[in-house]
Amino acid sequence: TSQSIEIKRDEYKDRNGREKTSYYMVPESPFDYLEISQEPPPFEFIKISSKQLFDYVELPDDNENRKTLAKQLLNAIRDHQFFIIQLSEEEQQDDKALIDEFSEFFAMKKEEKQNYQASKQDLGSGWTELFFDNRDNIRDPEIRDVFQVRMGEEGNIPWPSEEVKKKVYSHFERQWKISLSIVKLLLSELDIPFESFLSLITGDTKFLAENFRDSGNVKDFHGSPETNLSMFRYTDTQGYETTQKCMVHRDNGFITLLPKSTLPGIQALHDNTWYPMEEFTSSGDMMVYLGVSAELFSKQNLPALRHRVVRTPNSIRYSIPFEVKANRNSKITDELTMDGLEKKMHWERIQNSVHRVDSVSGVGC
């Protein structure tokens, strides 16, 4: 079906009367204007435990239980573009401890946080204060704290403390293991060799500090410099009166793991309707969804999830997404490297914003 949405030109003026052209400033028409459901999605969530995942992925490829689980996850991605991993009580406590560490870090004065800023690193590991022009009104830009970790530049990461480093490592290794287990199951159903995927995301150690590279402590994820763990703090610095929406997008990487945030934020698009997923998931539920890299690598057999994040007025929200991405020079397709994909997606977002296509025909759902 196709739905037309009328857009007024005046909605695209900034507070100085100039027309907005940046894709951060202009809503990705028409998706921003689709209905937000007050009810859960009209299907049952596919949900498995992390223990079940780890147990089944180690079974032989022809094991019936393994094949049934792989097919179940593949169907969830094809039909709904996500499924749920239920974390154990211990895993949930680990995540809470990680968020507690970073809530204390983000509460420090800006001058102190600048000692750990990301601008000093090749890949952006460390603290950054992000500014996004507000896309719902004409007030000042949104401000968001983030501490990003790319293990591919270990030895240069400005860790706030040894305790923070210890907790991040534990979380990163777990999310890496979960991600690779999921991809292994999905690719087995598509008859795509897992090794062909693994070669795209590992093996690049050039950003590691020399002393760490020679330390004997290098693991496979240290050769995946684009894979990242982000600790976000969303705050209301502008005194908003209504919910604010971040940019509609699909992730560029292969797979994203999103543990349940401290407040609802992520909304997923299904059948031209927005669903506020974290209002309908339970404690310990971690969303799993794929990005454009997986869609292209699998020849459209693994569709990416179109989603956005919203922020509630007068609130603070913490979120810790983990995204596995290919190395920059790895070929996602015969013609397109990861670096080329990043540039292509950036340009498409700008084009979508500037031209403001007014039909939702063909929207992924």
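The rules behind the values
- Residues numbered from 1 in each chain as written.
- Predicted model: local features only at pLDDT ≥ 70, side-chain atom pairs only at ≥ 80, totals over all residues.
- Heavy atoms only, no water.
- Helix = DSSP H or I, 4+ residues; strand = E, 2+ residues; numbered from the N terminus.
- Buried < 20%, exposed > 50% of the residue type's maximum accessible area, 1.4 Å probe, protein only.
- Polar contact = N/O pair within 3.5 Å; in protein donor to acceptor, adjacent residues only side chain to side chain.
- Contact = heavy atoms within 4.5 Å.
- Axes fitted to C-alpha atoms, helices over the stretch in contact; angles between N-to-C directions.
- Parallel < 35°, antiparallel > 145°, perpendicular 65-115°, else oblique.
- Left-handed = near helix turned anticlockwise from the far one by under 90°.
- Nonpolar A, V, L, I, M, F, W, Y, C, P; charged D, E, K, R; others polar.
- Expected span 1.5 Å × (residues − 1).
- Arc of directions from axis to C-beta.
- Pairing = 2+ DSSP bridges.

Participant: Any chance you could break down the side chain of His-307 for me, citing the residues and the numbers?
Facilitator: Positionally, His-307 belongs in strand β11 (residues 307-311). Of the residues examined, His-307 reaches a relative accessible area of 2% and is grouped as buried. Looking at His-307, its side chain comes within polar contact range of the side chain of Asp-251, at 3.3 Å. Those residues in contact with His-307 that lie beyond four places of it in its chain are Met-247, Val-248, His-249, Arg-250, Asp-251, Ile-266, Gln-267, Ala-268, Trp-274 and Tyr-289.

Participant: Please give an account of the packing of helix α1 (residues 50-57) against helix α5 (residues 162-190) that cites residues and values.
Facilitator: Viewed as axis vectors pointing N to C, α1 and α5 meet at an angle of 55°, and their least axial separation amounts to 10 Å. Regarding the angle of α1 to α5, the classification is oblique. Both α1 and α5 take part in a crossing whose hand is left-handed. Packed against α1, whose contacting residues are Leu-53, Phe-54 and Val-57, the element α5 presents Lys-177, Ile-178, Ser-181, Ile-182, Lys-184 and Leu-185 at the interface. Within the contact of α1 with α5, the residues separate by chemical class into 6 nonpolar, 1 polar and 2 charged.

Participant: Give a description of helix α3 (residues 89-106) that names residues and reports values.
Facilitator: In a regular helix each residue adds 1.5 Å, so 18 residues correspond to 26 Å; α3 covers 26 Å between its end C-alpha atoms and thus fits that length. Within the sequence span of α3, burial applies to Glu-91, Gln-92, Asp-95, Leu-98, Ile-99, Phe-102, Phe-105 and Phe-106. Within α3, the buried residues cover an arc of 140° as seen down the axis, which keeps them to one side. Along α3, the residues that are exposed and aim more than 90 degrees away from the buried face are Glu-89, Glu-90 and Glu-104.

Participant: Kindly report on the pairing of strand β10 (residues 285-290), identifying the contributing residues and their values.
Facilitator: Here β10 lies mainly inside the structure; 6 of its 6 residues are buried. Side-chain alternation along β10 places Asp-285, Met-287 and Tyr-289 on one buried face and Met-286, Val-288 and Leu-290 on a second face that is also buried. When strand β2 (residues 83-86) meets β10, the two strands line up antiparallel, connected through 4 bridges. Residue Phe-83 lies in a different strand from β10, and its bridge partner there is Val-288. Of the strand pairs in this sheet, strand β7 (residues 255-259) and β10 are connected by 5 bridges, and their pairing is antiparallel. Bridge pairing links Ile-255 to Leu-290 in β10.

It is worth stressing that arrangement in space is one thing and function is another; only the former is reported here.
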